[in-house]
Amino acid sequence: MQPISRECLVCGTENALGIKARFFETTTKELIALFTLHHQHQSYPGIAHGGISATVLDEVIGRAIMIDHDHQTFGMTLDLQVRYRKPVPLDVELKVVGRIDSAKGRLFEGSGELYLPDGSVAVEAHGKYMKRRIDQITVADFTDTSWVLPEGEVPATIVI
Ligand SMILES: CCCCCCCCCCCC(=O)SCCNC(=O)CCNC(=O)[C@H](O)C(C)(C)COP(=O)(O)OP(=O)(O)OC[C@H]1O[C@@H](n2cnc3c(N)ncnc32)[C@H](O)[C@@H]1OP(=O)(O)O
């Protein structure tokens, strides 16, 4: 399970409007986010806002670079392309799977998909990112005060 940043919109436990996603690394170096969207994330009635879906996909790809950098390097988004295939419902558990597709120097590219409970893909994204070390994007005491492992069990398996 990856750590979370307390005030982050996607992962934070102390963001009242937050999505409170949890992140699990796979043996194949993919990253899976588990989360549920609610009324505060709505666009049309009963449907999640597309920007929220893009936000979670962005975070998963931006976090996937942590896997090969001892959790000390993150992605700063340069460009994000999103394709919306199906509406994303509220109040059901959703999954995003992301990965790094290529990396060269301080830049990398990654992709991800948002899966509905029936296993179908609702949203796809592809992004370009710049690697940033944790000390380049946080204040001095960040890892002592705001970067924590969330509560809860790590599932033995996650079925997409
Ligand atoms: C800790 C808890 C976390 C916990 C939470 C973890 C969250 C993870 C996910 C969060 C993701 C986000 O939302 S990140 C937030 C949204 N993104 C941002 O705010 C980024 C804003 N942009 C910037 O600050 C700046 O552009 C930087 C610092 C990223 C880069 O500036 P710079 O250092 O001056 O870079 P620059 O010379 O312009 O460009 C460097 C290289 O990038 C390329 N490049 C630049 N822009 C682009 C672009 N749009 N598309 C393609 N490529 C580009 C250039 O061609 C160049 O390639 P070459 O010549 O080197 O080949």
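Not measured: the values here are computed from a predicted model.

### Observations regarding the pairing of strand E5 (residues 93–104)
Phase 1: As judged from the six bridges shared by strand E3 (residues 31–36) and E5, these two strands associate in the antiparallel manner. Each residue of the ladder has a partner; that of Phe 35, found in E5, is Leu 94.
Phase 2: Summarising the sheet, E5 and strand E6 (residues 107–115) pair through nine bridges and their orientation is antiparallel. Counterpart to Lys 104 in the pairing with E6 is Leu 107.
Phase 3: Joining the antiparallel neighbours E5 and E6 is a turn of two residues, in which Gly 105 adopts a positive phi near 60°.

### A look at the UniProt feature "domain: Thioesterase" (unreviewed entry) in the chain
Phase 1: On the UniProt side, "domain: Thioesterase" (unreviewed entry) is annotated at positions that read residues 46–121 here.
Phase 2: Secondary structure within residues 46–121 divides into 20% helix and 45% strand; the distance between the first and last C-alpha atoms comes to 18 Å.

### A look at helix H1 (residues 50–64)
Phase 1: Between its terminal C-alpha atoms H1 stretches 21 Å, which fits the 21 Å expected from 15 residues at 1.5 Å a residue.
Phase 2: Taken across its 15 residues, H1 has twelve buried, putting it largely inside the fold.
Phase 3: If you check which residues of H1 are buried, you get Ile 52, Ser 53, Ala 54, Val 56, Leu 57, Asp 58, Glu 59, Val 60, Ile 61, Gly 62, Arg 63 and Ala 64.

### Quick word on the pattern of salt bridges
Phase 1: The final tally for this structure, using the stated rule, is seven salt bridges.
Phase 2: Close ionic contact of Glu 124 with Arg 85 constitutes a salt bridge, the shortest N to O distance being 3.1 Å. Here Glu 124, found in strand E7 (residues 121–133), pairs with Arg 85, found in the loop between strand E4 (73–84) and E5; they are 39 residues apart in sequence, far enough to count as distant.
Phase 3: The class for Arg 85 is partly exposed, based on a relative accessible area of 45%.
Phase 4: For Asp 135, the salt bridge identified is with Arg 133, shortest N-O distance 3.0 Å.
Phase 5: The network of salt bridges with common partners includes Glu 30, Arg 99 and Glu 113.

### Considerations on the site of the ligand
Phase 1: Neighbouring the ligand are 16 residues, the closest being Asp 58, Thr 77, Leu 78, Arg 106 and Met 130.
Phase 2: Contact distances for the ligand include 2.9 Å between a nitrogen atom and a backbone N or O atom of Leu 78.
Phase 3: Relative to its unbound accessible surface of 1300 Å², the ligand loses 52% to contact with the protein.
Phase 4: Mapped by element, the contributors of at least two residues to the shell around the ligand are H1, E4 and E7.
Phase 5: Per-element tally for the shell around the ligand: the top contributor is E4, with six residues.
Phase 6: Its residues placed into classes, the shell around the ligand shows seven nonpolar, four polar and five charged.

Cut-off values and rules
- Residues numbered from 1 in each chain as written.
- Predicted model: local features only at pLDDT ≥ 70, side-chain atom pairs only at ≥ 80, totals over all residues.
- Heavy atoms only, no water.
- Pairing = 2+ DSSP bridges.
- Helix = DSSP H or I, 4+ residues; strand = E, 2+ residues; numbered from the N terminus.
- UniProt positions renumbered as here; feature names shortened; annotations may be inferred.
- Expected span 1.5 Å × (residues − 1).
- Buried < 20%, exposed > 50% of the residue type's maximum accessible area, 1.4 Å probe, protein only.
- Salt bridge = Lys/Arg side-chain N within 4 Å of Asp/Glu carboxyl O.
- Near = heavy atom within 4 Å.
- Polar contact = N/O pair within 3.5 Å; in protein donor to acceptor, adjacent residues only side chain to side chain.
- Areas by Shrake-Rupley, 256 points an atom, 1.4 Å probe, with all protein chains shown as cover.
- Nonpolar A, V, L, I, M, F, W, Y, C, P; charged D, E, K, R; others polar.

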